[in-house]
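# Observations on the model geometry
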Amino acid sequence: MKTKSQETQVDYLQQETRHHLRQIFISMMFKSRRFFHHLVLYSFLIGFGFGLGFLLNFHMRNVSFSPQLFRLSSPSLSPQPQPENFVLVNETVAYDSDEGQKGHSMVEFEKVMHHNTTEEELMWRASKVQERPSTVKKKVAFMFLTRGKLPLAKLWERFFNGHQGLFSVYVHTSNLSYVDDGIPETSPFYRRRIPSKEVKWGMVSMVEAERRLLANALLDAANQRFVLLSETDIPLFNFSTIYSYLINSQHSFVDLYDLPGPAGRGRYNRRMSPVITRSKWRKGSQWFEIDREIAVAVVSDKTYFPLFKKHCRWGCYADEHYLPTFVHVMFPGKNANRSLTWTDWSRRGPHPRKYTRRSVRAELLTKLRNREGCVYNGKESNKCNLFARKFDDSCIDSLIHFAGRIMGF
């Protein structure tokens, strides 16, 4: 028989065993409930993630996304603020599509402002414009590089009158505060000012302005010839004569020559070597007339222009050397090696003679219109100059008077 002490010990062990089992059971229940809570939480998060992803995917498929939003948000790439009234109206632009499709597409641009276009993008777009379709009339682009207003605008308006569709006008002003609100809508200069920047005489900014004008003019695929003019230039012949002369020419007209001495070779910087050597260095008038092939090459130039921008600074006069050197090296057989713009350098000094009201006589204009010693399409010609400069605003009445009698418009 069991003693009382033994029975007590057995009862105690049984109670301990039951207590231990109860603790194990409670612990297991607590852990299983915690696991269940985690399972529910994770399931909810996974489901929420799938739902959110579905909503975002649906939203992105129905929203037009523009990379410009990110590009323009960067301060370094944000376009500089431009004065109002910079506009190119109804330019017909032919360009390669981004998808690389063959052929060309014609897009009508209303009020092409280029406010959201960097200089590099503008040059790239201009270089990609394809040749005009055969059904489009050839046009001449008249590009005016001015300080501000055009004092001889009335003469040019008379010159252009009745020839719409055969020309385009582009104006670049170095005076950024100038506004052209006073120009009537009937004028060919109405809203023809392109986005401009400050230009300093004798600096590379002059060439940058010329490239800016060319790039804007190249966006019109119908423009085949490109003339650079100043606010002091006048036409010496009527529109039909000048148009025919340019469109039918087999050459471009960039004045260039090799000039020994400090005003020519002396401006060469040997740091441009070996790309530009002293033997390639040329000088000439900045007032040019070029065809579309050369114009595209100028705005696409990533070899010669950067060297001029870096090494042709004070005392170099890039506008007198960049294009003459570039054309001499790249297009020696396409150039007539002369300018179509008459300039009187008979007086010594950094600037040519300026004609005033008293200077404008029938004899002067007749002389400028008939100059021998030049060649046009392989034949001798007495039409060596189509334009002349520098005429100030006091000449306007006399010029209009002689326009009908002598110049034919």
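Residues numbered from 1 in each chain as written. Predicted model: local features only at pLDDT ≥ 70, side-chain atom pairs only at ≥ 80, totals over all residues. Heavy atoms only, no water.

## Considerations on the state of the cysteines
Summed over the entire model, instances satisfying the criterion amount to two disulfides. The disulfide bridge from Cys312 ends at Cys316, spanning 1.8 Å between sulfur atoms. Torsion about the S-S bond of the Cys312 and Cys316 cystine: about -95 degrees, corresponding to left-handed handedness. With respect to burial, Cys312 and Cys316 carry one shared label: buried. Here Cys374 connects covalently by a disulfide to Cys384, the sulfurs 2.1 Å from one another. Judged by the sign of its S-S torsion, about -95 degrees, the bond between Cys374 and Cys384 is left-handed. One end of the pair, Cys374, is in strand β9 (residues 374–376); the other, Cys384, is in the loop between β10 (379–381) and β11 (387–389), with 10 residues separating them in the sequence. Taken N- to C-terminal, the disulfide-bonded cysteines of the chain are connected 1-2, 3-4. (Disulfide = S-S within 2.5 Å. Buried < 20%, exposed > 50% of the residue type's maximum accessible area, 1.4 Å probe, protein only. Helix = DSSP H or I, 4+ residues; strand = E, 2+ residues; numbered from the N terminus.)

## Quick look at helix α3 (residues 119–128)
Taken as a whole, α3 has its buried residues at Leu122, Met123 and Ala126. Taken down its axis, α3 places every buried residue within 95 degrees of arc, on the same side. (Arc of directions from axis to C-beta.)

## A closer look at the pairing of strand β5 (residues 223–230)
With respect to burial, β5 is a largely interior element, eight of its eight residues being buried. Alignment of strand β3 (residues 139–146) against β5, held across seven bridges, turns out to be parallel. Bridging across to β5, Lys139 finds its partner in Asn223. Bridge count between β5 and strand β7 (residues 289–291): three bridges; the pairing is antiparallel. Its bridge partner lying in β7, Phe226 is registered against Ile290. (Pairing = 2+ DSSP bridges.)

## As for the confidence of the model for the chain
Low-pLDDT portions of the prediction should not be read for the details of their coordinates. The predicted model of the chain has a mean per-residue pLDDT of 81, with 71% of residues at 70 or higher. Confidence over residues 58–113 falls short of pLDDT 50; this stretch has 92 contacts with residues more than four positions distant or in other chains. (pLDDT = per-residue confidence, 0-100. Contact = heavy atoms within 4.5 Å.)

## As for helix α10 (residues 362–369)
Among all positions in α10, only Leu364, Leu365, Leu368 and Arg369 are buried. When α10 is viewed along its axis, its buried side chains cluster within an angular range of 130 degrees and face the same direction. Residues of α10 that are exposed and point more than 90 degrees away from the buried face comprise Glu363 and Lys367. Those residues of α10 that are buried are in contact with β6 (234–235), β8 (341–343), β11 and α11 (396–407).

## Details of the sheet that holds strand β4 (residues 167–173)
Sheet architecture is open: four strands sit in the order β4-β3-β5-β7, paired in mixed fashion. Pairing within the sheet leaves two strands with one partner each, and these edge strands are β4 and β7. If you compare each strand with its neighbour and ignore which way they point, the axes differ by 20 degrees on average. With seven bridges connecting them, β3 and β4 associate as parallel partners. Across the sheet, residue Leu145 finds its bridge partner in β4, namely His172. Packed onto the sheet, helix α5 (residues 205–218) meets β3, β4, β5 and β7 and runs at close to 150 degrees relative to β3. Running over the sheet, helix α7 (residues 292–300) touches β5 and β7 and is turned about 95 degrees from β7. (Axes fitted to C-alpha atoms, helices over the stretch in contact; angles between N-to-C directions.)

## So, the environment of Gln224
Tracing the chain through its elements places Gln224 in strand β5. The spatial distance from the C-alpha of Gln224 to the C-alpha of Asp291 is 5.9 Å, given a sequence separation of 67 residues.

## Notes on the pattern of salt bridges
Enumeration over the complete set of coordinates arrives at 13 salt bridges. A salt bridge links Arg147 to Glu231; the nearest nitrogen and oxygen atoms lie 3.1 Å apart. Of this pair, Arg147 sits in the loop between β3 and α4 (153–160) while Glu231 sits in the loop between β5 and β6; the two residues are 84 residues apart in sequence, bridging distant segments of the chain. Look at Glu231 and you get buried, because its relative accessible area is 12%. Where Lys334 meets Glu293, a salt bridge forms, and the shortest distance between an N and an O atom there is 2.5 Å. Taken together, the residues Lys334 in the loop between α9 (322–330) and β8 and Glu293 in helix α7 connect sequence positions 41 residues apart. Given a relative accessible area of 22%, Lys334 falls into the partly exposed group. Classification of Glu293 by relative accessible area gives partly exposed; the value is 46%. Ionic contacts of the salt-bridge type, sharing partners, join the residues Glu119, Lys197 and Arg212 into one network. (Salt bridge = Lys/Arg side-chain N within 4 Å of Asp/Glu carboxyl O.)

## Structural notes on the sheet that holds β6
Whenever strands of a sheet pair, they do so through backbone hydrogen bonds, lying parallel or antiparallel. Spatially, three strands are ordered β6-β11-β8 in an open sheet, and the strand pairing comes out mixed. Here the strands that pair on one side only, and so sit at the sheet edges, are β6 and β8. Inspection of the sheet shows β8 paired to β11 by three bridges, in the parallel sense. Bridging from a neighbouring strand, Thr341 pairs with Phe387 of β11.

## Let's talk about the packing of aromatic side chains
This structure, assessed with the given rule, holds 28 aromatic pairs. When the ring of Tyr304 is compared with that of Phe326, the centres are 5.7 Å apart and the planes differ by 80 degrees; the resulting orientation is edge-to-face. Highlighted residues: Tyr304 in helix α8 (residues 304–311) and Phe326 in helix α9, separated in sequence by 22 residues. Looking at Phe326, the relative accessible area reads 3%, which means it is buried. An aromatic cluster of three or more residues is present, and its members are Phe142, Phe144, Trp156, Phe159, Phe160, Phe167, Phe189, Phe239, Tyr243, Phe387 and Phe409. The ring of Tyr170 is capped by Arg192, whose NZ or CZ atom sits 5.5 Å from the centre of that ring. A cation over a ring is seen here: Arg211 above Phe305, with NZ or CZ 4.1 Å from the ring centre. (Phe/Tyr/Trp six-rings, centres within 6.5 Å; stacked < 30°, edge-to-face > 60°. Lys NZ or Arg CZ within 6 Å of the ring centre and 35° of its normal.)

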